[in-house]
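Understanding the architecture of this molecule
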Amino acid sequence: MFTDHKNLIKSQPCNTIDGKMKLLDNKASTPLYRQLTTELIRLVVSGYFQARGEFFTIKEIVKKYKVSPITVRRAIDEMVAGGYLQTSQGKKTSISGTYRHHASMPLKKIAVFFLAKADTHGVEYDEMPWTSTIFLAIQKRLLEKGALWTAIPVINNNDVFAKWTQIHMEYDGFICFLGNTTESILPELKNSGKPYVIIQPQNMDLKYNFISSNDYGASMAVATKSNQKGYKSFLYLGGHFSDPPDKMRGFQETLLKSGIDPQNIYLRAVGSLDAQTSAACFEDFIKTRKDDNLFPLAVCTFGDRIAIGVILTCRKLNLKVPADVGVAGGTGTEEAERNDPPLTTMQIPMREMGCNAVDMIFEMLMTEQHKRLGIKLKTKLIERESL
């Protein structure tokens, strides 16, 4: 049922008896210095250097891992920047004070709850780029921390509660990326006595233990740019009416404060996040409002694929982008940059959200304090040719 990654840690051990370390893969897409960094971090968090008494010298790493001194120095620089190592002139590189304490802790087990597709109980980039990007960032950070972790897909409120009941006693901490289903498990998380982090909580006023993005500020910027460029009408195109309201509110409220007539502001929900459905929805909007003298029209969307659907309809109806219809996405995926024309979008810091969630969990585990003030990361407006 679950994707258990305990064996992933065990399948890549360093042989600390005969001194032969796991050789790195020269043919892998991951650079050697990054592979080396991950392996050395794994040793740090496992407590190996506490037993050994000191960190490796550069010569020792070159010999054990069959890499160049340049690769070793780059890996060490990464670990210093990440707080795993400390250096001082004339002295050997050593484990930082924080990770000397961390290394004394047993390996921690983290459960990662995520909202999955109902048919496959999985997550694929092609269909869920937002979820998969955050999930991969969580995975990478957990591996760097040397954690044992399990990915737990859920599809609805009943499913998340059932799986929580089944497994929560086995784990030391929880990362939840569950959209609207988070609310059903929140009381259980609070009462567990264990650290937890909620990623992008929806429709909940939380103060602690969350990582989110400032979508309100980014959609304000879209509204301001649209107004400055002289668009006459304004449409916010969301995915579902249950979506987090910050993007819609930022767009709508900024326009109203700027003096835009409310009759020129339209709000619609596509009912999906895919391009084809949004294309059909936008075409229906244009046809039903043909007497409203809409153009030029600015469209702010909840997600990049909704925006791409709008552009597909513009091509079909011979509407020019951005002259007749200006379009802004709401996610910041790679598709936005590759689109024709390149898509102006709100770039949500997806990778940073995943990394910050893991870091927050480990801060709580290390300090044995299970509350941390929530973090709201900045969402940037990336201006391209579509608006």
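Calculation notes
- Residues numbered from 1 in each chain as written.
- Predicted model: local features only at pLDDT ≥ 70, side-chain atom pairs only at ≥ 80, totals over all residues.
- Heavy atoms only, no water.
- Axes fitted to C-alpha atoms, helices over the stretch in contact; angles between N-to-C directions.
- Helix = DSSP H or I, 4+ residues; strand = E, 2+ residues; numbered from the N terminus.
- Parallel < 35°, antiparallel > 145°, perpendicular 65-115°, else oblique.
- Left-handed = near helix turned anticlockwise from the far one by under 90°.
- Contact = heavy atoms within 4.5 Å.
- Buried < 20%, exposed > 50% of the residue type's maximum accessible area, 1.4 Å probe, protein only.
- Pairing = 2+ DSSP bridges.
- Expected span 1.5 Å × (residues − 1).
- Polar contact = N/O pair within 3.5 Å; in protein donor to acceptor, adjacent residues only side chain to side chain.
- Core = buried A, V, L, I, M, F, W, Y, C linked by side-chain atoms within 4.5 Å.
- Nonpolar A, V, L, I, M, F, W, Y, C, P; charged D, E, K, R; others polar.

Quick look at the packing of helix α4 (residues 58-65) against helix α5 (residues 69-81) now. The N-to-C vectors of α4 and α5 enclose an angle of 115 degrees; their axes lie 9 Å apart at closest approach. For the element pair α4 / α5, the angle class is roughly perpendicular. In the crossing of α4 with α5, the sense of the turn from one axis to the other is right-handed. Contacts from Ile-58, Ile-61 and Val-62 of α4 reach α5 at Pro-69, Val-72, Arg-73 and Ile-76.

What follows concerns the pairing of strand β9 (residues 233-238). Within β9, six of the six residues are buried, leaving the element largely enclosed by the surrounding structure. Side chains Ser-233, Leu-235 and Leu-237 of β9 all project onto a buried face; the interleaved residues Phe-234, Tyr-236 and Gly-238 project onto the opposite face, where all are buried too. Relative to strand β10 (residues 265-269), β9 runs parallel, the two sharing five bridges. Among the inter-strand pairings, Gly-238 is bridged to a residue of β10, identified as Ala-269.

The next thing to look at is the sheet that holds β9. Strands belonging to one sheet form pairs held by backbone hydrogen bonds; the direction of such a pair is parallel or antiparallel. Spatially, β10-β9-β11-β12-β13-β15 is the arrangement adopted by the six strands of the open sheet, whose pairing is mixed. The two strands at the open ends of the sheet, each matched to only one other strand, are β10 and β15 (380-382). Across this sheet, the average inter-strand angle for adjacent strands is 20 degrees, counted without regard to direction. Pairing analysis gives three bridges linking strand β13 (residues 344-347) to β15, with the strands arranged antiparallel. Following the sheet pairing, Met-346 is matched in β15 by Leu-381. In the packing of helix α11 (residues 246-257) onto the sheet, the strands contacted are β9, β10, β11 (297-301) and β13, and the crossing angle to β9 comes to about 170 degrees.

Counted at 1.5 Å a residue, the expected span for helix α12 (residues 275-288) with its 14 residues is 20 Å, and the 20 Å between its end C-alpha atoms agrees. If you follow the buried residues of α12, they end up packed against β9, β10, β11, α13 (304-316) and β12 (325-329). For α12, the capping residue at the N-terminal end is Asp-274, with a side-chain oxygen 3.2 Å from the backbone nitrogen of Gln-276.

Turning next to the nonpolar core. Core analysis: the largest hydrophobic core is formed by 39 residues, its most contacted members being Leu-237 and Phe-282. Tallying contributions element by element places α13 first for this core, with six residues. The residues contacting Phe-282, other than those within four sequence positions of it, are Leu-235, Leu-237, Leu-297, Val-299, Val-310, Thr-313, Cys-314 and Val-325. In this structure, Ile-110, Phe-135, Ile-211 and Val-358 belong to the second largest nonpolar core, which totals 28 residues.

At their nearest, the axes of α12 and α13 sit 7 Å apart, and the two run at 55 degrees to each other. Between α12 and α13, the angle falls in the class oblique. For the pair α12 and α13, the sense of crossing is right-handed. In contact with Ala-275, Gln-276, Ser-278, Ala-279, Ala-280, Phe-282 and Glu-283 of α12, α13 contributes Arg-305, Ile-306, Ile-308, Gly-309, Val-310, Leu-312, Thr-313, Cys-314 and Lys-316. Partitioning the contact of α12 with α13 into residue classes produces nine nonpolar, four polar and three charged.

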